Amino acid sequence: DFGAESIKEGSLMEFKKKVGDAVVKGEVIASIETDKVTVDVNAEESGVLKELLAKPDDTITVGQGLFTIEVGGAGASAAASPAAPAAAEKPAAAAAAAPGRIVEQAIKDFGAESITEGTLMEWRKKPGEAVAKGEILAVIETDKVSIELAAEEGGVVKEILVQPDETVTVGKVLVKIE
């Protein structure tokens, strides 16, 4: 998605890689500009960039494939589509603990360099509840967009560190998942 439910399309600004280039999972492949933010599109797998499915200045919609990557030289192709803005829900740190691995989940960014804080609007999970990877944990509103914080890992919500209506900043740990 483009960082907010209200943003449905953007303009492909550029590809940062060309066909035949090796790419690493997480590497920025393209940039899309909306009327509110610029979104980096990252490789979902490591491999070789095989095909570009759009060209600069094309209008891109949420979920539209932009390129294909040949994963690990096995011949399998994976279409990559716009991901969350620069991965707004990446964990800040993961630590090993006796009962299991604890993932501390933080806001990496809000989709634009100029947005540095937001307000936690609601939690969709409570401590003790199971959560699947990718499931929405919380909603955060900035002055420009609303962001859904998705679980980076599956597990059980252990601790919520920020309450609704509190201000959250980039890098702040919001929740612990075991």
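That block above? That's the structure.
To start, this report covers the structure provided alongside it. Computed from a predicted structure; not experimentally measured.

This next bit is on the nonpolar core. Of all hydrophobic cores here, the largest spans 15 residues; its most connected members are Leu120, Trp123, Leu137, Leu174 and Val175. Sorting the residues of this core by element identifies strand E11 (117–123), strand E13 (136–141), strand E15 (155–160) and strand E17 (173–177) as the ones contributing at least two each. Not counting chain neighbours up to four residues away, the residues in contact with Leu120 comprise Ala138, Val139, Ile140, Val162, Gln163, Pro164, Asp165, Glu166 and Val168. Listed in part, the 14 residues of the second largest apolar core include Val23, Ile32, Val41 and Ile69.

So, about the pattern of salt bridges. On inspection of all chains with the given rule, the structure shows 10 salt bridges. For Arg124, the salt bridge identified is with Glu122, shortest N-O distance 3.7 Å. Judged by its relative accessible area of 35%, Glu122 falls in the partly exposed class. Here Lys158 ties to Glu178 by a salt bridge, and the two come within 3.1 Å at their closest N and O atoms. Taken together, the residues span a long stretch of sequence, with Lys158 in strand E15 and Glu178 in the segment after E17 at a distance of 20 residues. It is possible to trace a salt-bridge network through shared partners that takes in Glu122, Arg124 and Glu148.

Its place among the elements puts Glu122 in strand E11. Linking Glu122 and Glu141, residues 19 residues apart in sequence, is a C-alpha distance of 9.7 Å. The contacts of Glu122, once residues within four sequence positions are left out, are Leu137, Ala138 and Val139.

In this section: the sheet that holds strand E16 (residues 167–169). Ordered by their spatial adjacency, 4 strands build an open sheet running E14-E13-E11-E16, and the pairing between neighbours is antiparallel. Edge positions in the open sheet fall to strand E14 (146–150) and E16, since each of these has one partner strand only. Averaged over all pairs of adjacent strands, the angle between their axes in this sheet comes to 40°, without regard to strand direction. With 4 bridges joining them, E11 and E13 adopt antiparallel strand pairing. Across the sheet, the residue bridging to Glu122 is Val139, located in E13.

Scoring rules and cut-offs
- Residues numbered from 1 in each chain as written.
- Predicted model: local features only at pLDDT ≥ 70, side-chain atom pairs only at ≥ 80, totals over all residues.
- Heavy atoms only, no water.
- Core = buried A, V, L, I, M, F, W, Y, C linked by side-chain atoms within 4.5 Å.
- Buried < 20%, exposed > 50% of the residue type's maximum accessible area, 1.4 Å probe, protein only.
- Helix = DSSP H or I, 4+ residues; strand = E, 2+ residues; numbered from the N terminus.
- Contact = heavy atoms within 4.5 Å.
- Salt bridge = Lys/Arg side-chain N within 4 Å of Asp/Glu carboxyl O.
- Pairing = 2+ DSSP bridges.
- Axes fitted to C-alpha atoms, helices over the stretch in contact; angles between N-to-C directions.

Purely spatial values, then, with no claim about function.
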